[in-house]
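Residues per chain are reported as follows:
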Amino acid sequence: MAKLILTLDGAYLSEKSLTKVRTGIGRRPANDFHLDNLAVSGDHAVILKIGSDYYIEDLDSTNGTRVNNEPVKRHALKNGDLIDIGKFQLKFLNDANADATASAFAQTMLMHPSAIRLHEKSLTASVEDAKVAEPAAVKPSSALNSVPENSGMQTAAVEREAKPDLLAKVQVLNGASSGRELVLNKALTTLGKVGVQVAVITRRANGYFITHVEGKVRPSVNGVTTGLQAHALSDHDVIELAGVKMEFYLSKQGS
């Protein structure tokens, strides 16, 4: 069933299934999504259900409606579309697998791009540090039974991770949603919960790296707390972040 997940600066607020033909969004309390902010018009936009399709229509609002950062008047919604209204964002989900993923990661995995901007300085510094210290970052922790640095075996392992036919994923290991997966198909995938613990997984030519962004506690990999610099991820590493345990693994495209 289709639904909208409402966030403000990356913080989860609420979600609602789109069961009605017309779902109102605006500052007036009568709207299904009541967004109490002066940047939002009284009746700002509406979600229309036509058969099995959903459309968002801007109701001549003062500040407009954006979908995936593009201004729209009327737009056919697709699974994963991000709707910006004032300072609020609504994520449209209309896919059984997407719903399962959202449930699996709950609010921990949901991050608005504006939340990433809130941590831009820290994130940029972390990524730049990782680039400078990349050789050290690539070297696995001794706790992982790693091979010596610069060995042919290690180089081959890194090359395998960088092959385009391999797709990286994380799979939930604990809780009621154990077994659910998230595909890491972006250059940056931000995970965590604002104000608690936030990290980013970066996809680069020589593999995937996890970097701490926010929170007193850093994420751990295979039970070892990560440092200030980016930490290289290997196939079947176990990540713990904001109370969620996830297995990082590589699979062939389409599997």
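For every chain, the first residue of its written sequence is number 1, and the numbers climb from 1 along that sequence. The model is predicted, so local features are restricted to residues of pLDDT at least 70 and side-chain atom pairs to those at 80 or more, both for listing and for counting; the totals for chains, interfaces and linings are taken over all residues. With hydrogens and water stripped out, all remaining heavy atoms of the structure feed into the side-chain values.

Draft legend 1. Layout of the pattern of salt bridges. Should a side-chain nitrogen of Lys or Arg be within 4 Å of a carboxyl oxygen of Asp or Glu, the pair is scored as a salt bridge. Per the counting criterion, the structure on display carries seven salt bridges. A salt bridge links Asp43 to Arg28; the shortest N-O distance between them is 3.0 Å. With Asp43 in the loop between strand 4 (33-34) and strand 5 (45-50) and Arg28 in the loop between strand 3 (22-26) and strand 4, this residue pair connects regions lying 15 residues apart in the sequence. Only protein chains enter the accessibility calculation, which uses a 1.4 Å probe; a residue whose area is less than 20% of its type maximum is buried, one above 50% is exposed, and one in between is partly exposed. You can call Asp43 partly exposed: its relative accessible area is 38%. Linking Asp60 and Lys73 is a salt bridge whose minimum nitrogen-to-oxygen distance equals 3.0 Å. Taken together, the positions of Asp60 in the loop between strand 6 (53-58) and strand 7 (65-67) and Lys73 in the loop between strand 8 (70-72) and strand 9 (74-76) put the pair 13 residues apart, joining distant regions of the chain. Under the relative-accessibility criterion, Asp60 is labelled exposed at 65%. Here a helix means four or more residues in a row that DSSP labels H or I, a strand means two or more in a row labelled E, and each is numbered from the N terminus.

Draft legend 2. Expanded view of the sheet that holds strand 17 (residues 220-221). By this definition, two strands are paired if DSSP reports at least two bridges between them. Strand order in the open sheet formed by six strands is 13-12-21-20-17-18, and the pairing between neighbours is antiparallel. At either margin of the open sheet sits one strand with a lone partner, and together these are strand 13 (181-183) and strand 18 (224-225). In this sheet, strand 20 (residues 237-241) lies alongside strand 17 in antiparallel orientation, the contact comprising two bridges. Residue pairing for strand 20: Val221 is matched across the bridge by Ile239.

Draft legend 3. Highlighting the nonpolar core. Remark: nonpolar core denotes a set of buried residues (Ala, Val, Leu, Ile, Met, Phe, Trp, Tyr, Cys) joined through side-chain atoms within 4.5 Å. Grouped together as the largest cluster of nonpolar side chains are 20 residues, with contacts concentrated most on Leu4, Leu35, Ile47, Ile83, Ile85 and Leu90. Elements with a minimum of two residues in this core: strand 1 (3-8), strand 5, strand 6, strand 10 (82-85) and strand 11 (88-93). Considering each element in turn, this core owes the most residues, three residues, to strand 11. Each residue touching Ile83, except ones within four places of it in the same chain, is listed here: Leu4, Ile47, Ile56, Thr65, Arg66, Val67, Leu77, Phe88, Gln89 and Leu90. In terms of nonpolar packing, the next biggest core, distinct from the first, is built from 18 residues, Ile201, Val244, Met246 and Phe248 among them. Two residues form a contact once any of their heavy atoms are found within 4.5 Å.

Draft legend 4. Structural detail: the packing of aromatic side chains. Pairing of aromatic side chains requires ring centres within 6.5 Å, counting the rings of Phe and Tyr and the six-membered ring of Trp. Pairs whose planes differ by under 30 degrees are stacked, by over 60 edge-to-face, and all others tilted. Under the criterion given, the structure shown has two aromatic pairs. When the centroid spacing of 5.6 Å and the interplanar angle of 55° are considered together, the rings of Tyr54 and Phe92 count as tilted. On the criterion of sequence distance, the pair formed by Tyr54 in strand 6 and Phe92 in strand 11 is long-range, its members being 38 residues apart. This pair shows no difference in class: Tyr54 is buried, exactly as Phe92 is. Two conditions define a charge sitting above a ring: the NZ of Lys or the CZ of Arg must be within 6 Å of the ring centre, and it must be within 35 degrees of the ring normal. Between Lys16 and the ring centre of Phe33, over which it is positioned, the NZ or CZ distance is 5.8 Å. Positioned above the aromatic ring of Phe209, the side-chain terminus of Arg204 is 4.0 Å from the ring centre.

Draft legend 5. Quick look at the sheet that holds strand 11. With antiparallel pairing, the six strands of this open sheet are ordered in space as 2-1-11-10-7-8. With partners counted over all chains shown, the strands left at the sheet margins are strand 2 (11-17) and strand 8, one partner each. Averaged over all neighbouring strand pairs, the angle between strand axes comes to 30°, with direction disregarded. In this sheet, strand 8 lies alongside strand 7 in antiparallel orientation, the contact comprising three bridges. Within strand 8, the residue paired with Thr65 across the bridge is Val72. For every element, the axis is a line fit to its C-alpha atoms; helices are fit only across the contacting stretch, and the angle between N-to-C directions ranges from 0 to 180 degrees.

Draft legend 6. Here's a closer look at the confidence of the model for the protein. When pLDDT is averaged along the protein, the result is 75, and 69% of the positions lie at 70 or above. Below a pLDDT of 50 lies the segment residues 96-164, which in the model reaches 107 contacts outside its immediate sequence neighbourhood of four places, other chains included. For every residue, the predictor states its confidence as a pLDDT score lying anywhere from 0 to 100.

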